[in-house]
Amino acid sequence: MLTFINSDAAKSANLPFSQAVRSGDVVYLSGSIGNAPGKMALVPGGIEAESRQMMQNIESVLKECGLGFEHVFKAVVYLADMAEWSAFNKIYTPYFRAGRYPARTAIGAHQLILGARVEMECWADATGGDWH
């Protein structure tokens, strides 16, 4: 059985994808960028500001599922410029407990939606979630 997860704001945006889908004990989160919630525009400030907003956006989707970053076990990161890897990591690492970072893949991407500097998708363990 599949459960499709979308916040009210995501539903009103009428985009052709779900924020997340639960299949069995795993929640697959769509790629998230550093856009202001409910807007089709990136937050100003470059890689650090976008990374921070992206992590907050991911946190909101996880909360929709009754989950948190402690449930994330896999992440795929797309960077428009691999030279910004360190700046991204500076924002990323505090969201996880040291020693319990998700398995992660990083990909240099030629172009991301809306000209984003970073995008990340995640997989989370749904067994800790608040499912109705």
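Above this text sits the structure in question.
Everything quoted here is computed from the prediction, not taken from an experiment.

1. Considering the pattern of salt bridges
When the charged atoms of two side chains with opposite charge come close together, those side chains can pair. Applying the stated criterion to the full structure yields 3 salt bridges. The residue K90 makes a salt bridge to E48 at a minimum N-O spacing of 3.2 Å. Of the two residues, K90 sits in helix α3 (residues 85-92) while E48 sits in helix α2 (residues 46-64), which places them 42 residues apart along the sequence. According to the relative accessible area criterion, K90 is exposed, its value standing at 51%. For E48, a relative accessible area of 29% corresponds to the partly exposed category. Between R117 and E84 there is a salt bridge, with its nearest N and O atoms 3.1 Å apart. Here R117 is found in the loop between β5 (103-108) and β6 (118-125), whereas its partner E84 is found in the loop between β4 (72-79) and α3, with 33 residues between them in sequence.

2. Notes on the sheet that holds β4
One open sheet accounts for 6 strands, arranged β1-β2-β3-β6-β4-β5; its pairing is mixed. Two strands bound the open sheet, and with one partner strand each, they are β1 (2-5) and β5. Within the sheet, the average angular offset between the axes of one strand and its neighbour, ignoring direction, is 15°. Note that β4 and β6 share 7 bridges and pair antiparallel. Bridge assignment links V77 to a residue of β6, and that residue is M120. Packed on one face of the sheet, α2 meets β1, β2 (20-23), β3 (26-32), β4 and β6 and runs near 25° to β6. Taken strand by strand, α3 contacts β4, β5 and β6, and its axis lies near 145° from that of β5.

Procedures and definitions
- Residues numbered from 1 in each chain as written.
- Predicted model: local features only at pLDDT ≥ 70, side-chain atom pairs only at ≥ 80, totals over all residues.
- Heavy atoms only, no water.
- Salt bridge = Lys/Arg side-chain N within 4 Å of Asp/Glu carboxyl O.
- Helix = DSSP H or I, 4+ residues; strand = E, 2+ residues; numbered from the N terminus.
- Buried < 20%, exposed > 50% of the residue type's maximum accessible area, 1.4 Å probe, protein only.
- Pairing = 2+ DSSP bridges.
- Axes fitted to C-alpha atoms, helices over the stretch in contact; angles between N-to-C directions.
- Contact = heavy atoms within 4.5 Å.

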